[in-house]
Amino acid sequence: MLVRKLEDIKGTENDVDTDGWNSRRLILKKDNMGYSVHDTIIKEGAELHMWYKNHLEAVYLTEGKGEIEDLKTGEIHQLEKDTIYALDQHDKHILRANKGTHMRMVCVFNPPVTGREVHDEDGAYGLDEG
Ligand code: 9YT
């Protein structure tokens, strides 16, 4: 059984901080669960262009407000606490945190990330970078 606390991840190599987001990776590929689980902060006012070509991702918001734009359909969905979205079609999208608030979310990736991934020029993570 694995039991971990966010406090024990903060500041370690599994705490990946970028300009727009801070991803604390709680469960990783090496844990052999078949998925990874991250506690992620999208920083106030951030606008992230993403396209997870190699992964499926589900995201559950626990704090904050923002929106997600589906770049295929042009639809914009409002996001707030207790909302989940799933990129079941490897959907190309833009994620925005509203001004004045960050968003906090639980992200699940299949296949799992290895730990240090940051976005490439398409907003994707590579496969098996670790
Ligand atoms: C929601 C999202 O994709 N945010 C970017 C960071 C990523 N989810 C991660 O690695 O935690």
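Just above, that's the structure.
All of the points below concern the structure found in this document. Per chain, the residues get numbers from 1 upward, laid out in the order the sequence is written. In keeping with the model being predicted, local features are shown solely for residues with a pLDDT of at least 70 and side-chain atom pairs are shown and tallied solely at 80 or more, while totals for entire chains, interfaces and linings include all residues. Hydrogens and water are ignored here; the side-chain numbers use all heavy atoms of the structure.

The next thing to look at is the sheet that holds strand E4 (residues 47-50). Ordered in space as E4-E9-E6-E7, the four strands form an open sheet in which the pairing is antiparallel. Each end of this open sheet is capped by a strand with a single partner; those strands are E4 and strand E7 (76-80). Between one strand axis and the next, the sheet turns through 20 degrees on average, direction left out of account. Sheet topology places E4 next to strand E9 (residues 93-97); four bridges connect them, and they run antiparallel. Strand pairing requires that DSSP identify at least two bridges connecting the strands. Put simply, DSSP H or I for four residues or longer makes a helix, DSSP E for two residues or longer makes a strand, and each gets a number counted from the N terminus. The axes are straight lines fitted to the C-alpha atoms, using for helices just the contacting stretch, and the angles between their N-to-C directions are given from 0 to 180°.

Below, the discussion takes up the site of the ligand. Surrounding the ligand, one finds 16 residues, the nearest of these being Ser23, Arg25, Thr40, Tyr52 and Tyr125. Pairs of N or O atoms within 3.5 Å make up the polar contacts considered here, provided that, within protein, one atom can donate a hydrogen while the other can accept it, and that residues adjacent in sequence are counted only when both atoms are side-chain atoms. In the model, an oxygen atom of the ligand is placed 2.6 Å from a nitrogen or oxygen of the Arg25 side chain. Side-chain polar atom of Glu57 to an oxygen atom of the ligand: 3.0 Å apart, as the coordinates give it. The accessible surface values rely on the Shrake-Rupley method and a 1.4 Å probe; as for residues, cover is taken only from the protein chains in view. Protein contact buries 100% of the 310 Å² of open area that the ligand shows by itself. The way it works is a 1 Å grid over only the protein atoms, where trapped points that fit a 1.4 Å probe form a cavity and open points with protein on both sides within 12 Å along at least five of seven lines form a pocket, and then any residue with an atom within 4 Å of a point lines it. To be counted as sitting in a cavity or pocket, a molecule needs more than half of its atoms within 2 Å of that site's grid points. Of the pockets mapped on this structure, the ligand occupies the largest cavity. At the level of elements, strand E2 (21-27), strand E3 (36-42) and strand E10 (103-110) are the ones that each hand at least two residues to the shell around the ligand. Near is defined per residue: the residue qualifies when any heavy atom it owns lies within 4 Å of the molecule or strand.

Within the largest apolar cluster, 22 residues are counted, with the highest numbers of intra-cluster contacts made by Ile42, Leu79, Tyr85, Leu95, Met103 and Met105. Where this core is concerned, the elements lending two or more residues are E4, strand E5 (56-63), strand E8 (84-87), E9 and E10. The leading source of residues in this core is E10, at four residues. Ignoring sequence-local partners within four residues, the contact set of Met105 consists of His38, Asp39, Thr40, Ile42, Val59, Tyr60, Leu61, Thr62 and Leu95. Joining through side-chain atoms within 4.5 Å is the link that ties buried Ala, Val, Leu, Ile, Met, Phe, Trp, Tyr and Cys residues into a set, and such a set is a nonpolar core. Whether a residue is buried, partly exposed or exposed follows from its accessible area with a 1.4 Å probe, protein chains only, as a fraction of its type maximum: under 20%, in between, or over 50%, in that order. Should any heavy atoms of two residues lie within 4.5 Å, those residues are considered in contact.

The patch calculation keeps residues exceeding 30% relative accessible area without a salt bridge and links them within 9 Å when they carry like charges or within 5 Å when they are nonpolar (Val, Leu, Ile, Met, Phe, Trp, Tyr). By convention in these notes, a salt bridge is any Lys or Arg side-chain nitrogen within 4 Å of a carboxyl oxygen on Asp or Glu. Judged by side-chain polarity, Leu2, Met33, Tyr35, Tyr60, Ile84, Val106 and Val108 come together as a nonpolar surface patch covering roughly 580 Å² of accessible area. Mapped onto the elements of the fold, Val108 is located in strand E10. Of the residues examined, Val108 reaches a relative accessible area of 30% and is grouped as partly exposed.

Scanning the entire structure with this criterion turns up eleven salt bridges. Of the charged contacts in the structure, one is a salt bridge between Arg96 and Glu69, with a shortest N-O distance of 2.9 Å. Of this pair, Arg96 sits in strand E9 while Glu69 sits in strand E6 (residues 65-70); the two residues are 27 residues apart in sequence, bridging distant segments of the chain. A single burial state applies to Arg96 and to Glu69, both of which are buried. Two residues, Asp82 and Lys81, come together in a salt bridge whose shortest N-O distance is 3.7 Å. Residue classification places Asp82 among the exposed residues on the basis of a relative accessible area of 51%. Through salt bridges with shared partners, a single network forms among Arg24, Asp39, Glu63 and Arg104.

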